[in-house]
Amino acid sequence: QGAGADRVAAQTAVTDLVARAAQLSVAGRHGEAYALLAAEEDAYIGEIDFDYALGRAALSAGRPDRATIAFSRVLALDPAHAGARIDMGRAYLALENWAQARVAFEALLALDPPPALRAQLLVYLGEARGERKARVAARGYLSAFAGTSSNVNQAPGQSQVFVPGLVAVLQLADQNVAKDDSFYGVGGGIEAAMPLGGRFSLIGGAEFLSRSNAHESAFDVGGVVASAGLAWSGARHVVRSQLHAVRSTLGGSTSREVHALSLDVAETSAAPGTPGAMFGFVHAGGYRHPPADLQIFDADFLLVGVGATLPIDQKSTTSVVLMAGGDNDRGGNPSGDRNGFGVRAAWEQVLAPQLKLAVVASVQNSHYDGFDPAFLVHRDDRRTDLESFLRYDLAPKLEMRFGVLRSVQDSNIPIYEFRRTDWTLTLRRQFD
């Protein structure tokens, strides 16, 4: 018990010391923060939280040489410590050790980090490759996939629906009843960043997807996405603002166009004692449907969200996102305007050096303000998605992914309900 009490007392002392140093850093007194921690280095050396705080303070105080020593101690005890890995790369940049900085950031990008963190890592990688000159850093991928789906058209399983307002049974057209099929396709994308000077960078990207069904070609889907904007990278945060353009196809013809503006703010890593790396976003724009029979679904939208990513241990990570938003009808949708909220949770576990398991679950509730005269209700939907997949690294930058996706939409208007299960095998190659 005595040893346990001593351990608790030591941890409390470290927590208090790190908190005092953090207050000095927030006030811009980086030299004092470093001096405070350095004076206690002999007493707390080997404590991960202390060494990480010491390394960050040293880096902010212009002592990248001392920072690398502290971060090395952190990584010796916790090789997966994301913050120490990122800050070690930053320290190498400050020391103009371009080769080691490049290796550090390339290794982090290979872990497929979240979008905001990828944008910042690309900026750092551009600096490492260009020796702080304005040089573009880019990262891309190509993929090929095949699988089966129980419902390629996301339609109800029943061909007949009772309509209360008509006091009659509606016979759905054949194309509006669930159809199973196998599919295959290709996808790819590229994202890039170019330092502009200071903490600003130009960022952008493009992505495409084409998925064809073996028999139901009317429900082949595809799309292209392009984005461009600015990023600001701080010591602990990255802010991105981008314009997005999306074009989706159905059966080989354009079915939807989306234009949007996004603002994302994210922490690059969690500070000691905090619950996790926080992030938030705001997306606003509009959906437009070129086909005349789909224009009733035209709408403007707004989506906001907050979340956090939390490393559980050296081999597992979890994240949670809370979202709210809605659509403002622009095309005369009989369901009217939509308001909704949702939650998304993800978990990833390293099973072996080359094998990872990921599970992603999301639930979204939507309420429409228009009264449907045929079904005599205001429409309410609940969409639930559960995805699980295994990722196996066949070689550096080459992975095989086997996954299953189960989607269920419940609605008080039966024509909007569906059940769908997709099994997919994907081969993906990354390029830097």
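Now for a quick tour of the structure. These numbers come from a predicted model, not from an experiment. (Residues numbered from 1 in each chain as written. Predicted model: local features only at pLDDT ≥ 70, side-chain atom pairs only at ≥ 80, totals over all residues. Heavy atoms only, no water.)

Attention now moves to the overall build of the chain. Of the regular secondary structure elements, the chain holds 8 helices and 16 strands. In terms of overall dimensions, the chain has C-alpha extents of about 80 × 50 × 40 Å along its principal axes. Per-residue burial over the chain gives 39% buried out of 432 residues. By sequence separation, contacts in the chain at least 24 residues apart represent 55% of the contacts at least 6 residues apart. Seen as two clouds, the 40 positive and the 47 negative side-chain charges of the chain have centres 5 Å apart. (Helix = DSSP H or I, 4+ residues; strand = E, 2+ residues; numbered from the N terminus. Buried < 20%, exposed > 50% of the residue type's maximum accessible area, 1.4 Å probe, protein only. Contact = heavy atoms within 4.5 Å. Lys, Arg positive; Asp, Glu negative; His and termini not counted. Charge placed at Lys NZ, Arg CZ, Asp CG, Glu CD.)

Here we take up the nonpolar core. Counting 42 residues, the largest nonpolar core has L37, F50, L93, F105 and L121 as the members making the most contacts within it. Of all the secondary-structure elements, those providing two or more residues to this core are α1 (2–26), α2 (30–38), α4 (48–60), α5 (64–77), α6 (82–94), α7 (98–109) and α8 (115–130). With sequence-adjacent residues up to four places away left out, F50 is seen in contact with V14, L17, V18, L37, E40, E41, Y44 and I45. Counting residues in each nonpolar core, the second largest holds 6 residues, with V161, V177, F375 and I413 among its members. (Core = buried A, V, L, I, M, F, W, Y, C linked by side-chain atoms within 4.5 Å.)

This next bit is on the packing of α4 against α5. Between α4 and α5, the least distance of the axes is 8 Å, while the angle of their chain directions is 155 degrees. As judged from the angle between their axes, α4 and α5 are roughly antiparallel. Handedness of the crossing formed by α4 with α5: left-handed. Each of I48, D51, Y52, L54, G55, R56, A58 and L59 in α4 lies in contact with α5, whose residues at this interface are P64, R66, A67, A70, F71, R73, V74 and L77. By residue class, the composition of the contact of α4 with α5 is 11 nonpolar, 1 polar and 4 charged. (Axes fitted to C-alpha atoms, helices over the stretch in contact; angles between N-to-C directions. Parallel < 35°, antiparallel > 145°, perpendicular 65-115°, else oblique. Left-handed = near helix turned anticlockwise from the far one by under 90°. Nonpolar A, V, L, I, M, F, W, Y, C, P; charged D, E, K, R; others polar.)

One can describe the packing of α4 onto α6 by two numbers: an axis separation of 11 Å at closest approach and a directional angle of 25 degrees. For the element pair α4 / α6, the angle class is roughly parallel. Note that α4 runs across α6; the crossing there is left-handed. Where α4 abuts α6, its residues Y52, R56 and L59 lie against G83, A84, D87, R90 and A91.

According to the stated counting rule, one finds 22 salt bridges in the structure shown. D300 serves as the salt-bridge partner of R330, at 2.8 Å between the closest nitrogen and oxygen. Of this pair, R330 sits in the loop between β11 (316–329) and β12 (338–352) while D300 is found in strand β10 (residues 299–313), placing the two residues 30 residues apart along the sequence. Overall, R330 belongs to the exposed group, its relative accessible area being 51%. R338 is the salt-bridge partner of D327, the closest N and O atoms lying 3.1 Å from each other. Residue D327 is located in strand β11, and its partner R338 is located in strand β12; the two are separated by 11 residues in the primary sequence. (Salt bridge = Lys/Arg side-chain N within 4 Å of Asp/Glu carboxyl O.)

This part takes up the packing of aromatic side chains. Pairs of aromatic rings are described using the distance from one ring centre to the other and the angle between the two planes. Applying the stated criterion to the full structure yields 6 aromatic pairs. Of note, R211 hangs over the ring of F183, and the distance from its end group to the ring centre comes to 3.6 Å. (Phe/Tyr/Trp six-rings, centres within 6.5 Å; stacked < 30°, edge-to-face > 60°. Lys NZ or Arg CZ within 6 Å of the ring centre and 35° of its normal.)

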